[in-house]
Amino acid sequence: MDIGNVQNVRRVRNLRNVHFIRQRKIYKIRKNPYIELTNNEFRKKYRFSKAECLQIVNEIRDFLPRAVNNRGKPISPSLQLLIALRYLARGQVQDDNGDLHGVSQPTVSRCFSQICRALASLKNNYIKFPLTNEELATKKADFRRKFNMPSIIGAIDCTHIRIKKVAGDYAQLYINRKGFYSINVQVICDANCHILHVIARWRGSAHDSRIWNESLIKEQFENGSINGILLGDSGYACTPYMLTPILNPQNDVERQYNYTHIRARNTIERLFGQIKQRFRCLLRGMTISLENAKVAIVALSVLHNMKLHFKKHLNINNINPNDNNNSSTE
């Protein structure tokens, strides 16, 4: 046996006598914003009131994984929601988000993913396109009352949501006409800026008209399943179920039509402004993975409709934000 092998054998024997000390896990001090923040501070940081957040928790609780025991200080669903809302509202770095709530960065990432998927699971409950005669009549009446346009049930448009650089052979397909990586999201809303339909899976290079032409909802309009008319911009083809502006109006009647069309279709532009101002991650860009970004966009659409629903139906007097059973973080 040469000298080198002898030295290796000695090192192995010495390692057997070494006792490694496992690093002690240090838990951060867990925060409870439901108790520590005032109502105004809470709404500013999370875009929802305490009562609204507790209502959301009650609806998504069954879609979240349950902790088998209390090992490792499990995070309550109410705090998981706030961690996700903080990123959605501010687009905050996950490390800073974790420091704010007393959790680690990997925990922030897991909470965000779980909450977004739970919210997206409520899509069919909060994002519904009107199909019955009563529902269609209500949407038409809203546009008729506000803009004096009959038979209109919604406005359609697409918006680009910035995402981080995509890897792979098809990365260039996510670069839009403005030169950045994005997802082109198609949205249909009613006269009250309520989202009726959303598609959040198309690459940034896809044109608005292509997304519409290959959507299932267009087939429903063509086969007569939906009795109504949509308002679109000049990027769409003018059809019996889609009204677009007149490019070169020649008389007062055509100019008045364009004016009314612009006012009514502006509801979709206001919707984009509202949702991007409320959830700044859409305005500044999403720094998460591509698949999580698609799920998050649907989750944000659900949250937007939830906000409108709460303003109309939620009785905050019946919910106690300081209820320990709901707001506990342990």
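Residues numbered from 1 in each chain as written. Predicted model: local features only at pLDDT ≥ 70, side-chain atom pairs only at ≥ 80, totals over all residues. Heavy atoms only, no water.

- The name given to the protein chain in an unreviewed UniProt entry is Putative nuclease HARBI1, with Acyrthosiphon pisum as the source organism.
- The UniProt entry for the protein chain carries this comment under Sequence similarities (unreviewed entry): "Belongs to the HARBI1 family." (UniProt positions renumbered as here; feature names shortened; annotations may be inferred.)

1. Observations concerning the overall build of the protein chain
Phase 1: The helix and strand inventory of the protein chain stands at 15 helices and five strands.
Phase 2: Relative to its full complement of 330 residues, the protein chain shows a buried share of 47%.
Phase 3: Residue pairs at least 24 apart in sequence account for 67% of intrachain contacts in the protein chain once pairs closer than 6 positions are excluded.
Phase 4: Only carbon and sulfur atoms are counted for the fraction: they give 48% of the accessible area of the protein chain, which is about 18400 Å². (Helix = DSSP H or I, 4+ residues; strand = E, 2+ residues; numbered from the N terminus. Buried < 20%, exposed > 50% of the residue type's maximum accessible area, 1.4 Å probe, protein only. Contact = heavy atoms within 4.5 Å. Areas by Shrake-Rupley, 256 points an atom, 1.4 Å probe, with all protein chains shown as cover.)

2. Re the pattern of salt bridges
Phase 1: Tallying each qualifying case throughout the model produces nine salt bridges.
Phase 2: Between Lys139 and Asp190 there is a salt bridge; the shortest N-O distance is 2.7 Å. Here Lys139 is found in helix H9 (residues 133–147), whereas its partner Asp190 is found in the loop between strand S2 (182–189) and strand S3 (195–203), with 51 residues between them in sequence.
Phase 3: The residue Glu214 makes a salt bridge to Arg210 at a minimum N-O spacing of 3.2 Å. (Salt bridge = Lys/Arg side-chain N within 4 Å of Asp/Glu carboxyl O.)

3. Quick word on the environment of Asn192
Phase 1: With respect to the helices, strands and loops of the structure, Asn192 is situated in the loop between S2 and S3.
Phase 2: Remark: the alpha-carbon pair of Asn192 and Gly154, spanning 38 residues in sequence, is separated by 9.6 Å.
Phase 3: If near-sequence neighbours (up to four positions away) are discounted, Asn192 is found in contact with Asp142, Lys146 and Leu308.
Phase 4: A polar side-chain atom of Asn192 sits 3.4 Å from a polar atom in the side chain of Asp142. (Polar contact = N/O pair within 3.5 Å; in protein donor to acceptor, adjacent residues only side chain to side chain.)

4. Quick notes on the packing of aromatic side chains
Phase 1: One pass over the structure, following the stated rule, counts nine aromatic pairs.
Phase 2: With 5.3 Å between their ring centres and 40 degrees between their planes, Tyr34 and Phe42 make a pair best called tilted. Just as Tyr34 is buried, Phe42 falls in that class too.
Phase 3: With 6.0 Å between their ring centres and 80 degrees between their planes, Phe129 and Phe221 make a pair best called edge-to-face. Taken together, the positions of Phe129 in the loop between helix H8 (123–126) and H9 and Phe221 in helix H11 (residues 216–222) put the pair 92 residues apart, joining distant regions of the chain. Side by side, Phe129 and Phe221 carry an identical accessibility label, which is buried.
Phase 4: Members of the aromatic cluster, joined through ring pairs, are Phe129, Trp212, Phe221 and Tyr241.
Phase 5: One residue, Arg162, lies across the ring of Phe180, its end atom 4.0 Å from the ring centre. (Phe/Tyr/Trp six-rings, centres within 6.5 Å; stacked < 30°, edge-to-face > 60°. Lys NZ or Arg CZ within 6 Å of the ring centre and 35° of its normal.)

5. As for the packing of helix H6 (residues 94–101) against helix H7 (residues 105–120)
Phase 1: At their nearest, the axes of H6 and H7 sit 8 Å apart, and the two run at 95 degrees to each other. By the angle class used here, H6 and H7 are roughly perpendicular. Across the interface between the two elements, Gln94, Asp95, Asn97 and Gly98 of H6 pack against Gln105, Val108 and Ser109 of H7.
Phase 2: Of the residues assigned to the contact of H6 with H7, the class counts are one nonpolar, five polar and one charged. (Axes fitted to C-alpha atoms, helices over the stretch in contact; angles between N-to-C directions. Parallel < 35°, antiparallel > 145°, perpendicular 65-115°, else oblique. Nonpolar A, V, L, I, M, F, W, Y, C, P; charged D, E, K, R; others polar.)

6. Brief notes about helix H4 (residues 50–60)
Phase 1: Of all 11 residues in H4, eight are buried; the element is thus mostly enclosed.
Phase 2: When H4 is considered as a whole, its buried residues turn out to be Lys50, Ala51, Glu52, Cys53, Leu54, Ile56, Val57 and Ile60.

7. What to know about the nonpolar core
Phase 1: The biggest cluster of nonpolar side chains holds 68 residues, and the ones touching the most others in it are Ile56, Ile60, Leu85, Leu88, Met286, Leu303 and Met306.
Phase 2: At 11 residues, helix H14 (residues 290–313) tops the list of elements feeding residues into this core.
Phase 3: Met286 has contacts with Tyr87, Ile161, Arg162, Ile163, Lys164, Cys281, Ala293, Ala296 and Ile297, leaving out every residue within four places of it along the chain.
Phase 4: Grouped together as the second largest cluster of nonpolar side chains are 19 residues, Phe129, Ile188, Phe221 and Tyr236 included. (Core = buried A, V, L, I, M, F, W, Y, C linked by side-chain atoms within 4.5 Å.)

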